[in-house]
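What follows is each chain in one-letter form.
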Amino acid sequence: MSWLLHPEGVAKKTDEVDSLVPDPTNPNVMVSNKSANKPFLAYKQYRHKQEKKHEEWVARKLERDERIARGEDVGPAEPDPTAEVEVGLWGLVKFLISTIVIVLLTGKFVTGSYIWEYDGKWVQAKTYFPVKQQLFSERTLALYDGSDPNKPLYIAIDGDVFDVSSNRLTYGPGGSYHIFAGRDAARAFATGCFQTHLTYDIRELDEKEHRSLIHWKKFFAEHKTYFKVGTVMHVPIDPMDPIPPPCKSPKSGDGNPAAVQDQKQGEANEGSKSAPKRGGTTRDAVREDL
Ligand code: HEM
């Protein structure tokens, strides 16, 4: 639009007026120093200076070599001032270290955690120091149900035994999920029937139940503070044994272990079998039922 403002023609600023300057690489040739040429001219000038420096260095080197040949005492060799600096392996290592430090510090600044709040398996000790795996019988597994505070607390799911000692509040005596301690109640994990499905018998689960079982297996395997300690060997299930019937009735307390307790408490109040006091364990309640 400048032609509108200056219809007579855009006047160049005085310092922008093109002039001819010698080509830095060939002084016999004149080239325009217009703005478009400036980076090129500057680069050429730089290259020219570098070449001159290099030639001077070569001359000094030759002179030095001659002096050495004459047996004269010369100082240490002068490095080529124009030689390109090699990054090399150490340079790469330094670059990586500084990048890591920057990423860690940015994480701390942005999220308050050096590792950007990552808590996946790569930052868990069990990934690098795997626990020696044991083989349990059902009877040995039952010893780790939390009733002995000096023993670790184990639960099993579909054969895999996990140390859940870090959560005694939930799995220990009196905890809402004590029913799972010291046993493999895989079916209850799948169906949510905490009263009648405390068994490793997972025959004929429907798709949803199967997904639930897989979910819980993954939950324990990937938990930050639980870790697998081995496998429990089960007595094989006789195919003729009946499959545990579904528990989906409002009275059964499906899915919510607290409901099981409430139900047992109700029974106690009605003067039925000696049920646990409120706050007693769900599993105890279940045992009475079995
Ligand atoms: C298939 C059904 C279910 C299964 C297998 C199941 C299993 C579990 C397990 C294993 C835990 C402990 C997790 C841990 O180690 O941190 C848990 C926690 C919990 N569940 Fe369930 N659950 C089920 C359904 C329910 C339902 C329906 C409710 C409530 C109506 C419920 C309420 C809770 C509560 C409140 C906790 C936290 C307990 C605590 O930390 O003491 N759950 N559940």
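About the cut-offs
- Residues numbered from 1 in each chain as written.
- Predicted model: local features only at pLDDT ≥ 70, side-chain atom pairs only at ≥ 80, totals over all residues.
- UniProt positions renumbered as here; feature names shortened; annotations may be inferred.
- Helix = DSSP H or I, 4+ residues; strand = E, 2+ residues; numbered from the N terminus.
- Buried ≥ 20, exposed ≤ 12 C-beta atoms within 10 Å, placed from the backbone.
- Contact = placed C-beta atoms within 7 Å.
- Pairing = 2+ DSSP bridges.
- Axes fitted to C-alpha atoms, helices over the stretch in contact; angles between N-to-C directions.
- Expected span 1.5 Å × (residues − 1).
- Core = buried A, V, L, I, M, F, W, Y, C linked by C-beta atoms within 7 Å.
- pLDDT = per-residue confidence, 0-100.

The protein chain is annotated in an unreviewed UniProt entry as Cytochrome b5-like heme/steroid binding domain-containing protein from Thelephora terrestris. Its UniProt record, at the heading Sequence similarities (unreviewed entry), says of the protein chain: "Belongs to the cytochrome b5 family. MAPR subfamily."

Mind laying out the overall build of the protein chain, listing which residues take part and the relevant values?
A tally of helices and strands in the protein chain yields 10 helices and 6 strands. Sorting the 290 residues of the protein chain into buried and exposed places 18% on the buried side. Within the protein chain, counting contacts between residues at least 6 apart in sequence, those at least 24 apart form 53% of the total.

Tell me about the sheet that holds strand β6 (residues 227-233), and please be specific about residues and values.
Strand order in this open sheet of 4 strands is β3-β6-β5-β4, and the pairing throughout is mixed. Across the chains shown, the open sheet's two edge strands, defined by having one partner strand only, are β3 (134-137) and β4 (154-157). Neighbour to neighbour, the strand axes of the sheet diverge by 40° on average, direction disregarded. With 4 bridges joining them, β3 and β6 adopt parallel strand pairing. Looking across to β6, one finds that Leu-135 is bridged to Thr-231. Along the sheet face, helix α8 (residues 207-222) touches β4, β5 (160-163) and β6 and points at about 140° away from the line of β4.

Can you tell me about unusual backbone geometry, naming the residues and giving the values?
The backbone of Glu-117 sits at a positive phi, close to 60°, despite the residue not being glycine. Note on Glu-117: 10 C-beta atoms within 10 Å, which makes it exposed. Positive phi is not limited to glycine here, since Asp-158 has a value of about 50°. Mapped onto the elements of the fold, Asp-158 is located in the loop between β4 and β5.

Just give me the short version of helix α2 (residues 38-69), but keep the residues and values in it.
An ideal rise of 1.5 Å per residue puts 46 Å on 32 residues; α2 measures up with 46 Å between its terminal C-alpha atoms. Little of α2 sits inside the fold, with 0 of its 32 residues counted as buried.

Residue-level account of the pairing of strand β2 (residues 26-32), with values.
Little of β2 is tucked away: 0 of the 7 residues are buried. With 4 bridges joining them, strand β1 (residues 20-23) and β2 adopt antiparallel strand pairing. Bridge pairing links Pro-22 to Met-30 in β2.

Could you give an account of the nonpolar core, with specific residues and numbers?
Counting 30 residues, the largest nonpolar core has Tyr-154, Ile-155 and Phe-162 as the members making the most contacts within it. Every element with two or more residues in this core is listed here: β4, β5, α7 (186-191), α8 and β6. Ile-155 has contacts with Phe-162, Val-164, Tyr-171, Phe-180 and Ala-181, leaving out every residue within four places of it along the chain.

How would you explain the environment of Val-164 if you had to name every residue and give the values?
Positionally, Val-164 belongs in the loop between β5 and α6 (168-171). By the C-beta count within 10 Å, which is 26 here, Val-164 ends up buried. In sequence terms Val-164 and Phe-220 are 56 residues apart; their C-alpha atoms lie 8.6 Å from each other. The contact partners of Val-164, leaving out residues within four places of it in the chain, are Leu-153, Tyr-154, Ile-155, Tyr-171 and Tyr-226.

Tell me about the environment of Asp-145, and name the residues and values.
Its location among the elements puts Asp-145 in the loop between α5 (138-142) and β4. When the 22 C-beta atoms within 10 Å are taken as the criterion, Asp-145 is described as buried. Between the C-alpha atoms of Asp-145 and Arg-183, which are 38 residues apart in sequence, the distance is 7.6 Å. Aside from chain neighbours lying at most four places away, what touches Asp-145 is Ala-181 and Gly-182.

Quick rundown of the confidence of the model for the protein chain? Include the residues and the values.
As a general rule, the predicted coordinates of low-pLDDT regions are not to be interpreted in detail. Overall, the predicted model of the protein chain reaches an average pLDDT of 82, with 79% of residues at or above 70. Here helix α10 (residues 282-289) stands out as the least confident element of the protein chain, with mean pLDDT 38; β4 is the most confident, with 98. Low pLDDT (under 50) marks residues 258-290, which in the prediction has 43 contacts with non-local residues, meaning those over four places away or in another chain.

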